[in-house]
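Coordinate inspection notes
For reference, the chains in residue letters:
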Amino acid sequence: MGVVEGKVALISGVARGQGRSHAVRLAEEGANIIGFDICENDPSVEYPLANQADLEETIALVEKTGQKIHAVKADVRDFAAVKRVVDDGVAEFGRLDIILANAGIMPVTGEQRLSQAAWHAGIDTMLTGVHNTIYAGVGHIRSGNRGGSIIITSSTAGLVGGLSDGSPGMLSYIASKHGVVGLMRAYAVQLAGESIRVNTVHPTGVASPMILNEAFNNYIQEFPEIAANLRNPMPTREHGMLLPEDVTENIMFLLSDAGRFVTGQTVIFDAGFTAR
């Protein structure tokens, strides 16, 4: 029996990167998936965001496991759209057990990062968007009276402040990744009596399209001191980063029976990054 056999998981930012990795692995372990992604670019973000073809590829990969997926285009900043995705998915699958609030952007490169629009894009996506995702889904978990798990993707940038170049875009990333820790702790206390666990995960840099793009490469060439601060004490992968699958493995621990008493925690797997 799979780790999440018979359960249903909601995943934001499911079209590629960490979201896709989580969706496929949870499906392999027996879960059906409800997911959404913006599937269009944002003028405040220099690199291309996920598109409809990415989402279709995730759908195909999940269905290849034999599990089902309800995944559509929706903007995490739009609560009504998120609620519609969640409600439709629960109507199809009959339950909700897991929320992975994963959607994120990096409005930290190019001239875009200097605009106030970049601040709002970051906060609206990675703080308000996390609130929207959890708020739209938590009632369904509670109504099942089976317990559950909510995991928010934060970052090492949600624990330290030394990565900033002072731009509104970078500040929005750091502030939102710190802010979701407060959301996590509030929900963890509120929901503990119902055996619903709530945690944040804090990976170091992950080799996904959010970082593996021309815009970010140009940024670290322009700001070598920030690039130096991103290095991990422990050797990792070929790019000096984790893979999306490494994050998924830690999430699977939190979803498993081994993690059944872990709640209210900032779960760090950062190759020693925050130990410096």
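Within every chain, residues take consecutive numbers counted from 1 along the sequence as written. For this predicted model, a pLDDT threshold of at least 70 governs which residues receive local features, and a threshold of 80 or more governs which side-chain atom pairs are given and counted, while totals over whole chains, interfaces and linings are taken from all residues. As a rule here, side-chain values come from all non-hydrogen atoms in the structure, and water together with hydrogens is ignored.

- Naming follows an unreviewed UniProt entry, where the protein appears as 3-ketoacyl-ACP reductase of Mycolicibacterium fortuitum.
- UniProt positions are given in the numbering used here, feature names are shortened, and annotations may be inferred rather than shown by experiment. Per UniProt, the protein has the following entry under Sequence similarities (unreviewed entry): "Belongs to the short-chain dehydrogenases/reductases (SDR) family."

**Comments concerning the layout of surface pockets**
- Its volume calculated, the second largest pocket comes out at about 200 Å³.
- Together, 15 residues line the second largest pocket, and Lys-7, Arg-146, Gly-147, Gly-148 and Arg-197 are the ones closest to its centre.
- Classifying every residue of the lining of the second largest pocket by side-chain character gives 3 nonpolar, 5 polar and 7 charged. Two kinds of site are reported from a 1 Å grid over the protein atoms alone, namely cavities, where a 1.4 Å probe fits but cannot get out, and pockets, open sets with protein on both sides within 12 Å along at least five of seven lines, and residues are called lining when an atom falls within 4 Å of a point. Grid points are joined across faces, edges and corners, and a volume is the space filled by probe spheres set on the points. In this count, Pro and Cys sit with the nonpolar residues alongside Ala, Val, Leu, Ile, Met, Phe, Trp and Tyr, while Asp, Glu, Lys and Arg are called charged and the others, Gly among them, polar.

**A word on a negative patch on the surface**
- A patch is a set of surface residues, each over 30% in relative accessible area and not in a salt bridge, joined within 9 Å for like charges and within 5 Å for the nonpolar side chains Val, Leu, Ile, Met, Phe, Trp and Tyr. Each accessible area is a Shrake-Rupley estimate made with a 1.4 Å probe; only the visible protein chains count as cover when residues are assessed. Definition used for salt bridges: Asp or Glu carboxyl oxygen within 4 Å of a side-chain nitrogen of Lys or Arg. Here Asp and Glu are counted as negative and Lys and Arg as positive; His is not counted, and neither are the chain ends. Where a charge lies is defined by one atom per residue type: Lys uses NZ, Arg uses CZ, Asp uses CG and Glu uses CD. A cluster of acidic residues, Glu-46, Glu-111, Glu-214 and Glu-222, forms a negative patch at the surface.
- Inspection of the secondary structure assignment puts Glu-46 in the loop between strand 2 (32–37) and helix 2 (52–64).
- A residue is classified by how much of its surface remains accessible, and Glu-46, at 36% relative accessible area, is partly exposed. Comment: elements are numbered from the N terminus, with helices defined as DSSP H or I runs of at least four residues and strands as E runs of at least two. When accessible area is computed with a 1.4 Å probe and restricted to protein chains, residues below 20% of their type maximum are described as buried, those above 50% as exposed, and intermediate ones as partly exposed.

**Concerning the side chain of Thr-248**
- Following the sequence through the fold, Thr-248 ends up in helix 8 (residues 244–255).
- When sequence neighbours within four positions are dropped, the list of residues in contact with Thr-248 reads Gln-18, Ser-21, His-22 and Arg-25. Contacts: residue pairs with any heavy atoms within 4.5 Å of one another.

**Points about the packing of aromatic side chains**
- Aromatic pairs are defined between Phe, Tyr and Trp rings, using the six-membered ring for Trp, whenever the two ring centres lie within 6.5 Å; interplanar angles under 30 degrees are classed as stacked, those over 60 as edge-to-face, and all others as tilted. Taken as a whole, this structure holds 3 aromatic pairs when the rule is applied.
- Their ring planes at 50 degrees and their centres at 6.0 Å tell us that Phe-79 and Tyr-135 sit as a pair that is tilted. Taken together, the positions of Phe-79 in helix 3 (residues 79–93) and Tyr-135 in helix 4 (residues 116–144) put the pair 56 residues apart, joining distant regions of the chain.
- Joined through ring pairs, the aromatic side chains of Phe-216, Tyr-219 and Phe-223 make up one cluster.

**Examining unusual backbone geometry**
- Positioned with a positive phi, Cys-39 is a non-glycine residue whose angle comes to about 55 degrees.
- Among the secondary structure elements, Cys-39 is positioned in the loop between strand 2 and helix 2.
- Given a relative accessible area of 9%, Cys-39 falls into the buried group.
- For Ser-195, which is not a glycine, the phi torsion comes out positive at approximately 60 degrees.
- Following the sequence through the fold, Ser-195 ends up in the loop between helix 5 (168–191) and strand 6 (196–203).

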